[in-house]
Amino acid sequence: RIIPNDLSLITPLVLYFWYLDDGYLSARLIKRKNSNYVRKQLGIALKSYSDESILKLIDYLKNKYSLNFKPKKVGNKIGWITMDNKKDMIIFFDLIKEYIDNITPESLNYKFCLFELPQTRGETFPEYNRCNCFKTGICKCRNKDFSVCI
């Protein structure tokens, strides 16, 4: 597999399908002594590509779309590009929102569900809480109960 030399071929539609096919959005409950929270990570698998082309892609996505992906190694090779910051995930989802809203099957909503707790400080993004989990603490997209955090 080769990432094209002409990176202008990497459009929002290409990113949408790439993410649907090889991407993930994880939400893990982290229990702490004084509080609980949900840790999120978004990533796209790129195990078949060279480290050099992945780094070139990361730079392009940063410069063209303000996407802050970071390389994640698997062994001694980059295997994923990831982001952990919710605001970065929102930038990514906003970029592909047209496709999320119009062509995403319901069975894939979990890939776009940024689980938010009702008491979240700062901005919440109900448009990216596909199952209204921010109201209940139950993420139907993932079949997970995060209500212990509420």
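Further up the page is the structure itself.
Cut-offs and rules
Residues numbered from 1 in each chain as written. Predicted model: local features only at pLDDT ≥ 70, side-chain atom pairs only at ≥ 80, totals over all residues. Heavy atoms only, no water. Buried < 20%, exposed > 50% of the residue type's maximum accessible area, 1.4 Å probe, protein only. Helix = DSSP H or I, 4+ residues; strand = E, 2+ residues; numbered from the N terminus. Pairing = 2+ DSSP bridges. Core = buried A, V, L, I, M, F, W, Y, C linked by side-chain atoms within 4.5 Å. Phe/Tyr/Trp six-rings, centres within 6.5 Å; stacked < 30°, edge-to-face > 60°. Salt bridge = Lys/Arg side-chain N within 4 Å of Asp/Glu carboxyl O.

Asks: If you had to explain the pairing of strand 4 (residues 77-83) to someone new, which residues and values would you point to?
Replies: Counting buried residues in strand 4 gives six out of seven residues, a clear majority hidden from the surface. Across five bridges, the pairing between strand 3 (residues 70-74) and strand 4 is antiparallel. Directly across from Val74, in strand 4, lies its bridge partner Lys77. Linking strand 3 back to strand 4 in an antiparallel pair, the connection comprises two residues, with Gly75 at a positive phi of about 70 degrees.

Asks: Can you break down the nonpolar core residue by residue, with the values?
Replies: A general feature of soluble globular proteins is that nonpolar side chains tend to end up buried together. The biggest cluster of nonpolar side chains holds 33 residues, and the ones touching the most others in it are Leu61, Phe69, Phe92 and Phe93. If you list the elements that add at least two residues to this core, you get helix 1 (12-22), strand 2 (36-45), helix 2 (51-65), strand 4, helix 3 (86-95) and helix 4 (97-103).

Asks: Mind laying out the packing of aromatic side chains, listing which residues take part and the relevant values?
Replies: A full pass over the atoms with the stated rule returns twelve aromatic pairs. Plain terms: the ring middles of Tyr60 and Tyr65 are 6.3 Å apart, the flat faces sit at 90 degrees to each other, and that makes the pair edge-to-face. Side by side, Tyr60 and Tyr65 carry an identical accessibility label, which is buried. With a centroid separation of 5.9 Å and an interplanar angle of 45 degrees, the aromatic rings of Phe92 and Phe93 are classed as tilted.

Asks: Can you tell me about the pattern of salt bridges, naming the residues and giving the values?
Replies: Proximity of charged atoms lets side chains of opposite charge pair with each other. Across all of its chains, the model carries two salt bridges by this definition. As a salt-bridge pair, Asp51 and Lys77 come within 3.5 Å of each other at their nearest N and O atoms. On the criterion of sequence distance, the pair formed by Asp51 in helix 2 and Lys77 in strand 4 is long-range, its members being 26 residues apart. For Asp51, a relative accessible area of 23% puts it in the partly exposed group. Taking relative accessible area as the criterion, Lys77 reaches 28% and is therefore assigned partly exposed. Across the pair Asp101 and Lys97 runs a salt bridge, and its minimum N-O distance is 2.7 Å. Of the two residues, Asp101 and Lys97 are both situated in helix 4; the distance of four residues between them amounts to about one turn of the helix. The partly exposed category is assigned to Asp101, whose relative accessible area is 42%.

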